[in-house]
Amino acid sequence: MEARDVRRELAEALRRYGFYIFTRDKQEAVREVLRDLGELRVLVKVRGYGEGSEYLILELDRAVFEPNCRSRCTKNGILLESCYVKCLLETSRSFVEKVVAALTTRGSGS
């Protein structure tokens, strides 16, 4: 499968679900698409989807933004849960939008 097709699938999956599940035979095309993301590459991670599975999942890397939300929503040493959850949701949505925008504009001729 060409990187162009994977780019389209990936953008649609991130937009709809916030993650992308793919088989190992698409792994090289996914790598190519991720290289095109440049600095935004740090916002996502790829990991195996189950031990010994043929599937991989590309998802946002919460480690990039979770500490900031935790810090922002901690008052007097107490984590304010509603603030924290809201921060995680808003930040993840914002990052998904950035990645999807990059996927739909960068390398569309691949």
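Look up: the structure comes first, before these words.
Below, the structure is looked at part by part.

Scoring rules and cut-offs
- Residues numbered from 1 in each chain as written.
- Predicted model: local features only at pLDDT ≥ 70, side-chain atom pairs only at ≥ 80, totals over all residues.
- Heavy atoms only, no water.
- Pairing = 2+ DSSP bridges.
- Helix = DSSP H or I, 4+ residues; strand = E, 2+ residues; numbered from the N terminus.
- Axes fitted to C-alpha atoms, helices over the stretch in contact; angles between N-to-C directions.
- Buried < 20%, exposed > 50% of the residue type's maximum accessible area, 1.4 Å probe, protein only.
- Contact = heavy atoms within 4.5 Å.
- Salt bridge = Lys/Arg side-chain N within 4 Å of Asp/Glu carboxyl O.

## Section: the sheet that holds strand β3 (residues 55–60)
Each strand in a sheet pairs with its neighbour through backbone hydrogen bonds, running either in the same direction (parallel) or in the opposite one (antiparallel). Strands sit in the order β1-β3-β2 across an open sheet of three strands; the sheet is antiparallel. Single-partner strands in this sheet number two, and they are β1 (19–23) and β2 (44–48). Strand-to-strand twist in this sheet, taken as the mean axis angle between neighbours without regard to direction, amounts to 20 degrees. Taken together, the five bridges between β1 and β3 define a ladder with antiparallel strand orientation.

## Points about the environment of Val 33
Relative to the helices and strands, Val 33 resides in helix α2 (residues 27–36). Look at Val 33 and you get buried, because its relative accessible area is 0%. Expressed as a C-alpha distance, the spacing of Val 33 and Thr 23, which sit ten residues apart in the sequence, is 15 Å. Among all residues touching Val 33, those that are not within four sequence positions of it are Ala 3, Val 6, Arg 7, Leu 10 and Leu 103.

## A word on the pattern of salt bridges
For the structure shown, the criterion picks out eleven salt bridges. Here Glu 2 and Arg 4 are joined by a salt bridge, their closest N and O atoms 3.0 Å apart. Measuring nitrogen to oxygen at the nearest pair gives 3.0 Å for the salt bridge that ties Glu 66 to Arg 70. Of this pair, Glu 66 and Arg 70 are both found in helix α3 (residues 66–72), four residues apart, which corresponds to roughly one turn of the helix. You can call Arg 70 partly exposed: its relative accessible area is 39%. Overlapping salt bridges, with partners in common, bring together Glu 12, Arg 15 and Arg 16 in one network.

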